[in-house]
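Notes for the structure review
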Amino acid sequence: MHAQFTDSDTGDSVLSEHEHNHGELPAGAQVELERLAECLGGLHDHATGRILDELDADIEVGYEDGTVLVGITLGYPCASQEDDWRERIREACMPILRGGPLGEADLQFELFFEIPATEGGDVPEPLRGVKNIVAVASGKGGVGKSTTAVNLALALAAEGASVGLLDADIYGPSLPTMLGTEGVRPQVRDNKLFLPVQAHGLKTMSLGYLLTEDTPAVWRGPMASGALNQILTQTLWCDDGDELDYLIVDMPPGTGDIQLTLAQKAHLAGAVIVTTPQDLALVDAIKGVEMFRKVSVPVLGIVENMALHTCSHCGHSEAVFGSGGGEKIAADYDTGLLGRLPLAMAIREGTDRGLPSVIAEPNSAIAQSYGEIARRAAAEIWLSAEDGAGPEIEVG
Ligand SMILES: Nc1ncnc2c1ncn2[C@@H]1O[C@H](COP(=O)(O)OP(=O)(O)OP(=O)(O)O)[C@@H](O)[C@H]1O
């Protein structure tokens, strides 16, 4: 989605129309618009922690029929942030406009995003429209990796991205339970491609959709890893020229061969490492970071899960598994702490009944934490894709 203000009657771009129509600007207004653009470059983007001047963002400033139009295009999905940006832009622009040739003008702002694609080398046909594959991994089982993967995928979708979710956890595929899609069987096209199962706006695929209770346990080992490769590459993630902005892969726990092969085969845009603040889990999380480093996959950051427990009776909060560990790994390994989730009954209950927190309580503090994690992770992908050229600024 590229920044283009459109005329509601004609559908034409107001900004580009205006660019060829400088004559209509009040005297001195061009300089004013340039000052505005310059000032906008100094605004802070929360997810990247940088100012716009340090990013490959697009800043467009125009004027049309008594309205100053400002458009900003970022490289990650951020629909929930539009009001915050609007407020900050108003605060930054009004003092410049006041008393000048555009002092009486209205100010209209729109936030856009254009998600870059990670170059993927030679990928199988059904994965071609997938722009970014992101692994959610943990060195150890039971730390909340699947819960994080599901909520991360839903949060990216809530921010406006098109998202797929692949449950690659061959030993205990939990995605169907978490999404309320248990017992669903994916349709098959032309006898060779699975059609993803739609759930809460996500395209999903899981070995859980294919296994039945009678599936022998022995199948879940080496044969299952072949099956995993098959559902990754034989699922029709993108139909009819569609694109998927992100495919989130809930990895099997651990850092063994299956994980390594998958990390290499899937041409990952990056990995999110989930850990609890417990010492043992942290040691395993480090192994996860090192595994991805070994195969040159950028680590987008660490999610510290079950970081704090708030007693539902007295409201007292305690760091049950210790504190600060995720932050320390992030600092030691030169990556970021994407966010922290409390040990909360609502998180467990939501995933158990097929309604993860982001869907069940979209305005809760927990859903907002997942939103922040999603924006930060996606912003990291943008940063690793950008060419460092700085912002593109259009004034007219
Ligand atoms: N922050 C949290 N607060 C409370 N419960 C949580 C939290 N995160 C996860 N859980 C619960 O912990 C259990 C394990 O979570 P989950 O299945 O996501 O972990 P996992 O790391 O993917 O496990 P596995 O290695 O078995 O795949 C689930 O019942 C889930 O609902």
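These figures come from a predicted structure and were not determined experimentally.

1. Regarding empty space enclosed by the protein
For the structure shown, the criterion picks out two cavities of 30 Å³ or more. Its boundaries defined by the atoms lining it, the largest cavity holds a volume of some 40 Å³. What lines the largest cavity is simply Val134, Leu152, Leu156, Tyr246, Ile248, Leu300, Ala377, Ala378 and Ile381. When residues of the lining of the largest cavity are traced back to their parent elements, those giving at least two are α4 (145-158), β12 (244-250) and α12 (365-385). If you tally residues by element for the lining of the largest cavity, the top one is α12, at three residues. When grouped by side-chain class, the residues that make up the lining of the largest cavity number nine nonpolar, no polar and no charged.

2. Some words on the site of the ligand
In the vicinity of the ligand there are 18 residues, among which Ser146, Thr147, Asp169, Pro342 and Thr351 approach most closely. For the ligand, an oxygen atom lies 2.9 Å from a polar atom in the backbone of Gly144. Separating a nitrogen atom of the ligand from a backbone N or O atom of Ala344 is a distance of 3.0 Å. Here the ligand has 630 Å² of accessible area as a free molecule, and 79% of this is covered by the chains. Of all elements in the fold, only α4 and α10 (345-352) reach the threshold of two or more residues within the shell around the ligand. Its residues assigned to classes, the shell around the ligand comprises eight nonpolar, seven polar and three charged.

3. Here's the deal with the sheet that holds strand β6 (residues 130-137)
If you walk across this open sheet you meet the eight strands as β10-β11-β7-β12-β6-β13-β14-β17, and the pairing is mixed. Both outer strands of the open sheet, β10 (197-199) and β17 (337-340), are each paired with one neighbouring strand and no more. For this sheet the average axis-to-axis angle between neighbouring strands, irrespective of direction, equals 25°. Looking at chain direction, strand β7 (residues 163-167) and β12 are connected through five bridges and run parallel. Looking at β12, one finds that Leu165 is bridged to Ile248.

4. A look at the pattern of salt bridges
Per the stated rule, a full pass over the model turns up 16 salt bridges. Ionic pairing is found between Arg35 and Glu32, a salt bridge with its closest N-O pair at 3.8 Å. One end of the pair, Arg35, and the other, Glu32, are both in helix α2 (residues 29-40), three residues apart, so they sit about a helical turn from each other. Residue Arg35 is classed as partly exposed on the basis of its relative accessible area, which comes to 43%. The class for Glu32 is buried, based on a relative accessible area of 7%. The network of salt bridges with common partners includes Glu82, Asp83 and Arg86.

Rules of the game
Residues numbered from 1 in each chain as written. Predicted model: local features only at pLDDT ≥ 70, side-chain atom pairs only at ≥ 80, totals over all residues. Heavy atoms only, no water. 1 Å grid on protein atoms, 1.4 Å probe; cavity = no way out; pocket = protein on both sides within 12 Å on 5 of 7 lines; lining within 4 Å. Points joined across faces, edges and corners; volume = space filled by probe spheres on them. Helix = DSSP H or I, 4+ residues; strand = E, 2+ residues; numbered from the N terminus. Nonpolar A, V, L, I, M, F, W, Y, C, P; charged D, E, K, R; others polar. Near = heavy atom within 4 Å. Polar contact = N/O pair within 3.5 Å; in protein donor to acceptor, adjacent residues only side chain to side chain. Areas by Shrake-Rupley, 256 points an atom, 1.4 Å probe, with all protein chains shown as cover. Pairing = 2+ DSSP bridges. Axes fitted to C-alpha atoms, helices over the stretch in contact; angles between N-to-C directions. Salt bridge = Lys/Arg side-chain N within 4 Å of Asp/Glu carboxyl O. Buried < 20%, exposed > 50% of the residue type's maximum accessible area, 1.4 Å probe, protein only.

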